[in-house]
Amino acid sequence: MDSEGSGNSPIERNKRKKSNVKSAKKGKGSVLKQIPAEFFAENKNIAGFDNPGKSLYTTMRELVENALDSAESISVLPDIEITIEEISKSRYNSMIGLVDRERVDEELYDDFESAKAREKRLAKEARALEIEAKKPLLVKKMKDNLHGRGPKGRGDASFYRVVCKDNGRGMAHDDIPNMFGVVLSGTKYGLKQTRGKFGLGAKMALIWSKMSTGLPIEISSSLRGQSYVSFCRLDIDIHRNIPHIHKHEKRENKDQWHGAEIQVIIEGNWTTYRSKILHYMRQLAVITPYSQFIFRFVSEVQEKNITVRFARRTDVMPPVPAETKHHPSAVDILLIKHLVEESSKQNLLQFLQHEFVNIGKTHAERLIGEMGPDFSAKMPVKGLTSQQIVRIHQLFRQAKFDDPSGDCLSPAGEYNLRLGIIKELHPDMVATYASSPQVFEGHPFIVEAGISLGGKDVKQGLNIFRFANRIPLLFEQGADVVTRTALKRINWSSYKINQMQDKIGVFVSIVSTKIPFKGTGKEYIGDDISEISSVVKSAIKQCCLQLKSKIVKKLEARERQERKRNLTRYVPDASRALVEVLRELKPGKRQRLEDDELIRKVISRDITEATFREKLTQHVEQVDYEMALEYATQRGVREEPREPIYISALEGARSSSILLHGPVFAFRLIQ
């Protein structure tokens, strides 16, 4: 009783009041701090670091996409090497200077299994194997899954060294610490088509490394023509959001290499995400056939090592995306304020003309006149009040503007998409289509689609491949606009395609200055955006129409072959019957002279059964050719779209070859 009531005594209540007052005073005097790194460390799932397996996949993906951006930014064909090396727990302990220690109290550990529990588990596995013994194809798989299986504790972590090396732009020596050690710092800000937006990718890998292994990241980099290689070993101070530099030095660049090589050691799970990682690399090879990737997985068990080379099949690269200005209908109040602060223009008229697209001088003057008497063309833009900025925003929302053009976008191109599909899937048929630039909320976008039939390693039914700004999207496929359109809005049978039995590959790539991702993981595009879903549907249908024409021709050719085969089958019997009938006839007055001559030659064996067989076979061939020609004439010759080709003059500087290419072809003239 005394202990329960002591907390409510007047003395205790007085102590608590004083303590609360001190806490309140301390709280009033505390200083607000910025915690971007700490925030993302606590909410790592936002950047795709949900679990060790997903973290391994995301780390590899972010490093590869940064490498692609770096090479494409200087118009160099990307050569990228990715290595994932397995590190045992004992090897990891030696890296951090920790001595392995034998267990003393086994029951203390989470993976402890008593003799009774082990016996029960083994009996259950034996029963499962016995049940599946009648299914030979599954026995091996079950044995592989059950072999060595035991209770795995939470402490049994797997560690991996992820290395990515490229031949891209590289990084300046002094910029490396801040580029990797400060969250929300990067070179991808601004309005243009990019693979990344937040500057989080490599930094989140560093944060995950800090959280899971405590080991620093290592960066080697060199700019083009630079005589040294910058080497930096660092980690990040998560609470202060600053880099902690272990070593930063310049080394000799003997090979005149340029690019970047990044090494990070993290906790991961290769077993559960092996298929996702390889699937991602394959899809990346589809959308970037101008790149060469060498992927290696190095295990402590040599039989598990993997080396996959995704060869380059073209040197036609998409143009580098251009940075563009904001469309008036796509800005908010905060963005207008930011543009006002950053603008170098003196007056409102110049500000409207030069900070936004599709606002000419006449249009700007009309907009200023509509804003009201408080506005004038010559008024200083820096003097705009908050109320005036709100008025500008309201007018932007209501006024009519021309749609932005797609000149700033860099789609893969029909030729690259077609070549990538053929290179990786080897389909029987393929069709591609690229839409014209469309607009969603003031941002231009282009949809490219490809449909393939047949191919290797392709399952029956729909196999959907999604890309956004030339990035493969592997997760949350069911809710994506591409998946729902392909499953629910396309009548495949009307295009002579069997949705359940045919091996159908559906490839859709969307590029835009702003991809409207759903969710924090940036893994799918919602189905609720009518502007995008309608273009996706139209692009897929255009591909299906191309395939239908090919399928119909293939079916007609098959019918002709079947008809020809049937006629040819009866040639021997017909030849034999003709010879027998003609030999029984005798030349006479009732026959024509030609018939008499034929009968005499058959009787004298100048014309034999083999002669009739040869002539009938030739006749079948001739009839088949004439029918095909008549069919083609009736259908008429369609005028296909023509693509202008510009050939450079041979005078002047001579090169080894001239490249000609269009949306669906490319070839070289060798001099």
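Note that the structure is a prediction, hence the values are computed from the model and not measured.

Helix and strand counts for the protein come out as 20 helices and 18 strands. Every one of the 671 residues in the protein was classed for burial, and the buried ones make up 41%. Summed over its atoms, the accessible surface of the protein is roughly 38900 Å², and 51% of this surface lies on carbon and sulfur atoms.

Going through the model one piece at a time under the given rule, you end up with 17 salt bridges. A salt bridge links Arg312 to Asp79; its shortest N-O distance comes to 2.8 Å. Highlighted residues: Arg312 in the loop between β8 (306–310) and α11 (333–342) and Asp79 in strand β1 (residues 79–87), separated in sequence by 233 residues. Owing to a relative accessible area of 24%, Arg312 belongs among the partly exposed residues under this scheme. Look at Asp79 and you get partly exposed, because its relative accessible area is 32%. A salt bridge links Arg296 to Glu81; the nearest nitrogen and oxygen atoms lie 3.7 Å apart. In this pair, Arg296 is assigned in strand β7 (residues 292–298) and Glu81 in strand β1, connecting sequence segments 215 residues apart. Each of Arg61, Glu65 and Glu523 takes part in one network of salt bridges that share partners.

Right, let's talk about the state of the cysteines for a bit. Inspection of every chain in the model, using the stated rule, returns zero disulfides. Cysteine Cys543 is unpaired, with the sulfur of Cys544 as its nearest cysteine sulfur at 6.9 Å. The buried category is assigned to Cys543, whose relative accessible area is 0%.

Think of two packed helices as two axes; the pair is described by the angle between the axes and how far apart they sit. With their axes 10 Å apart at the nearest point, helix α16 (residues 481–488) and helix α17 (residues 530–569) run at an angle of 50 degrees to one another. Relative to α17, the element α16 is oriented oblique. Of the two possible hands of crossing, α16 and α17 adopt the one that is right-handed. Residues Val481, Val482 and Thr485 of α16 touch α17, and the partners they reach there are Ile532, Ser533, Val536, Lys537 and Ile540.

Take the sheet that holds strand β5 (residues 242–252) next. Taken in spatial order, the eight strands of this open sheet run β5-β4-β3-β6-β2-β1-β7-β8, and their pairing is mixed. Single-partner strands in this sheet number two, and they are β5 and β8. When strand polarity is set aside, the average angle formed by the axes of neighbouring strands in this sheet is 15 degrees. Sheet topology places strand β2 (residues 158–165) next to strand β6 (residues 259–268); eight bridges connect them, and they run antiparallel. Bridge pairing links Phe159 to Glu267 in β6.

Structurally, Glu85 is set in strand β1. Side-chain polar atoms of Glu85 contact the side chain of Arg91, separated by 2.9 Å.

Further remarks concern the pairing of strand β14 (residues 503–512). Summarising burial for β14: nine of the 10 residues are buried, a large majority. Pairing of strand β11 (residues 443–453) with β14, which is carried by nine bridges, proceeds in the antiparallel orientation. The residue bridging Leu453 from the neighbouring strand is Ile504, located in β14. Pairing of strand β12 (residues 461–468) with β14 involves eight bridges; the strand directions are parallel.

A separate point is a nonpolar patch on the surface. A surface patch of nonpolar side chains, about 240 Å² in accessible area, is lined by Met95, Ile96 and Leu98. Positionally, Met95 belongs in helix α5 (residues 89–95). When its relative accessible area of 31% is taken as the criterion, Met95 is described as partly exposed.

Below, the discussion takes up the packing of aromatic side chains. In total, this model carries 12 aromatic pairs according to the counting rule given. The interplanar angle of 40 degrees and the centroid separation of 6.5 Å between the aromatic rings of Tyr160 and Phe297 together place this pair among those described as tilted. With Tyr160 in strand β2 and Phe297 in strand β7, this pair connects stretches of sequence that are 137 residues apart. Overall, the relative accessible area of 3% leaves Tyr160 in the buried class. On the basis of an interplanar angle of 5 degrees and a centroid distance of 4.1 Å, the ring pair of Trp270 and Phe297 is categorised as stacked. With a gap of 27 residues between them, Trp270 in helix α10 (residues 270–287) and Phe297 in strand β7 connect regions that are remote in the sequence. With respect to class, Trp270 is no different from Phe297; both count as buried. Put simply, the rings of Tyr57, Tyr273, Tyr280 and Phe475 touch in pairs and so form one group of aromatic residues.

What counts and how
Residues numbered from 1 in each chain as written. Predicted model: local features only at pLDDT ≥ 70, side-chain atom pairs only at ≥ 80, totals over all residues. Heavy atoms only, no water. Helix = DSSP H or I, 4+ residues; strand = E, 2+ residues; numbered from the N terminus. Buried < 20%, exposed > 50% of the residue type's maximum accessible area, 1.4 Å probe, protein only. Areas by Shrake-Rupley, 256 points an atom, 1.4 Å probe, with all protein chains shown as cover. Salt bridge = Lys/Arg side-chain N within 4 Å of Asp/Glu carboxyl O. Disulfide = S-S within 2.5 Å. Axes fitted to C-alpha atoms, helices over the stretch in contact; angles between N-to-C directions. Parallel < 35°, antiparallel > 145°, perpendicular 65-115°, else oblique. Left-handed = near helix turned anticlockwise from the far one by under 90°. Contact = heavy atoms within 4.5 Å. Pairing = 2+ DSSP bridges. Polar contact = N/O pair within 3.5 Å; in protein donor to acceptor, adjacent residues only side chain to side chain. Patch = residues over 30% accessible without salt bridge, like charges linked within 9 Å, V, L, I, M, F, W, Y side chains within 5 Å. Phe/Tyr/Trp six-rings, centres within 6.5 Å; stacked < 30°, edge-to-face > 60°.

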